[in-house]
Amino acid sequence: MFNDKVVYQIYPKSFKDTNGNGMGDLQGIISELDYLENLGVDILWLTPIFISPQNDNGYDVEDYYKVDPLFGTDEDLEELIKKTKERGMEIMFDMVLNHSSTAHPWFQKALAGDKKYQDYYFFTKESVNWQSKFGGSAFEYVEELDLYYLHLFDKTQADLNWANDEVFQELCKIVNFWLEKGIRGFRFDVINLISKPQDFEDDLEGDGRRFYTDGRHAHEYLHRLNNATFGRYDGVMTVGELSSTSIEEAVKYANPKNEELGTIFNFHHLKVDYKNSDKWALKDFDLQEFKDIMISWQLAMQEEDTLMSLFLNNHDQPRAVSRFGDDSYEAATMLASCMQLMRGVPFIYQGEEIGLPNAYFVTIKDYRDIESLNYFKILKDTLSEAEILKILQARSRDNGRTPMPWNHSKNYGFTNSNEPWLPLSKSDDLKTVEENLKDSNSIYHFYQKLNKLRHEDDVISKGSIRFLNENHPSLLVYIRKYENKEYLHINNFYKDEVDYELINNNGRIVLNNYKRKSLEKTFQLSPYETLVIEL
Ligand code: GLC
């Protein structure tokens, strides 16, 4: 179990540039290992660093065995693995096995007419009406072959056919290769989409997802992958990214008895600001909905003694501090404390530990993300450019991808190049890493405390969870309990002060983002206050 570990997600392109090409690289990560170790994280998840045309920032892999020269060399990677281990940390790789880039030699051979390799993918005589997750049809026509192929994401990301045993063996070979190199963690990209139906049919009710989400053989494939690769080693942490799944399915993937995955990512709690489930329609976030989702997922996972991952940020999401808060210290620390001290495995996404806010771009020229650029075009049919830019400011994945502001030198110390690959956040008051490190009351130091609690306090790592005040309009409240020790955890999600009444005020304050020294039986929670009390 990994319930006393903390994962830190690095988006290498935006972490730190040492060779002046405007993009972060492996040497940049190596140069900041002290920073990461001092933060108190255990596992470093790197989003894909393999050779790739970078149409989807590395989620379109051309060679699963080699580091993309953009990020450095194979030797740099070996150095990174070695130096990380020397500090008692491990590297987690991001395996994109649902699809490959169309630049991958397998796909290129398929395109050249090789039937064996056409069977590695899904080539069909006719297309059906399924929609790609990045907009447009999920089938692309290849004139020379007079065939279509399936791509659930960009048309340069062709879906791999896991039903073909040769493909399955190739994928196992890749995972085993990296295990032998010392990789001790894997994040599997959109892994619940790997089992497609035998025949494709039009979806008369939706965009096709019901035919391939948690498909018929998904659990079986994962079980076999586990047994043929990482399950043969001790201490490999795995996390599966699940797209549009259900609680029942998620619990099965993560249940240790099933030997599939260690933990899972689900995204239901990050859709509570989608209007009518539409990512591109704005709405204020709905706290009650957020709570209902967290409560049901936490309890279902607990029931089966299974772990979910705890996160509000990643490279596909706008920054939580801007989305659910007001970019302040109080909002950043409350959100972190509320999520990270629940039952499961916490994930920190690069930048959140310094309160990095959204990008606040005002022109389409600043965006790079393929999904954002596609939707900019698609939404033009119905909305004005100003309206679309407002939506992108709230929803674009680039909000989470802006480079790390290290200090106040050129480009915030991220790169010497005159052109960082993506502009830095335009927020007026970015707090840099340097500022965070200097200030003992900074967000960074608050995260250090959270990580220490996760490592050292059994209530946090092993305790059970139950929820209180479930319908309170502004508070999220829960109790963690281990043996005779109980923590009450109160979080105010808004700027307004809120009265709260304790059963008794003899408790000890374990954690707080204000300077509260003592407790009254009835007291007022301050804006975005988080308070953990040992009862
Ligand atoms: C996952 C990744 C995302 C990528 C997509 C396709 O959702 O997190 O960044 O675009 O899969 O690989």
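Residues numbered from 1 in each chain as written. Predicted model: local features only at pLDDT ≥ 70, side-chain atom pairs only at ≥ 80, totals over all residues. Heavy atoms only, no water.

Caption draft 1: Representation of the site of the ligand. The environment of the ligand is formed by 14 residues, the closest being Asp56, Asp189, Glu241, His315 and Asp316. Here an oxygen atom of the ligand and a side-chain polar atom of Glu241 are 2.9 Å apart. Arg397 has a polar side-chain atom sitting 3.0 Å from an oxygen atom of the ligand. If the ligand stood free it would expose 310 Å²; the protein chains cover 96% of that surface. When the residues that make up the shell around the ligand are grouped by side-chain class, the tally is four nonpolar, three polar and seven charged. (Near = heavy atom within 4 Å. Polar contact = N/O pair within 3.5 Å; in protein donor to acceptor, adjacent residues only side chain to side chain. Areas by Shrake-Rupley, 256 points an atom, 1.4 Å probe, with all protein chains shown as cover. Nonpolar A, V, L, I, M, F, W, Y, C, P; charged D, E, K, R; others polar.)

Caption draft 2: Representation of the packing of helix 6 (residues 165-180) against helix 8 (residues 218-228) within the structure. At a closest axis distance of 10 Å, the pairing of helix 6 and helix 8 adopts a crossing angle of 45 degrees. By the angle between their directions, the pair helix 6 and helix 8 is classed as oblique. Taken as a pair, helix 6 and helix 8 cross one another with a handedness that is right-handed. Contacts from Asp165, Phe168, Cys172, Val175 and Asn176 of helix 6 reach helix 8 at Tyr221, Arg224, Leu225 and Ala228. (Axes fitted to C-alpha atoms, helices over the stretch in contact; angles between N-to-C directions. Helix = DSSP H or I, 4+ residues; strand = E, 2+ residues; numbered from the N terminus. Parallel < 35°, antiparallel > 145°, perpendicular 65-115°, else oblique. Left-handed = near helix turned anticlockwise from the far one by under 90°. Contact = heavy atoms within 4.5 Å.)

Caption draft 3: Quick look at the packing of aromatic side chains. Taken as a whole and assessed by the stated rule, the structure comprises 41 aromatic pairs. Considering the side-chain rings of Phe15 and Trp406, the 5.2 Å spacing of their centres and the 85 degrees angle between planes classify their relative orientation as edge-to-face. You can see Phe15 sitting in the loop between strand 1 (7-10) and helix 1 (26-31) and its partner Trp406 sitting in the loop between helix 14 (385-395) and helix 15 (433-438), a full 391 residues away along the chain. This pair shows no difference in class: Phe15 is buried, exactly as Trp406 is. Ring centres 5.4 Å apart and planes at 75 degrees place the aromatic pair Tyr35 and Trp406 in the edge-to-face group. In this pair, Tyr35 is assigned in helix 2 (residues 33-39) and Trp406 in the loop between helix 14 and helix 15, connecting sequence segments 371 residues apart. (Phe/Tyr/Trp six-rings, centres within 6.5 Å; stacked < 30°, edge-to-face > 60°. Buried < 20%, exposed > 50% of the residue type's maximum accessible area, 1.4 Å probe, protein only.)

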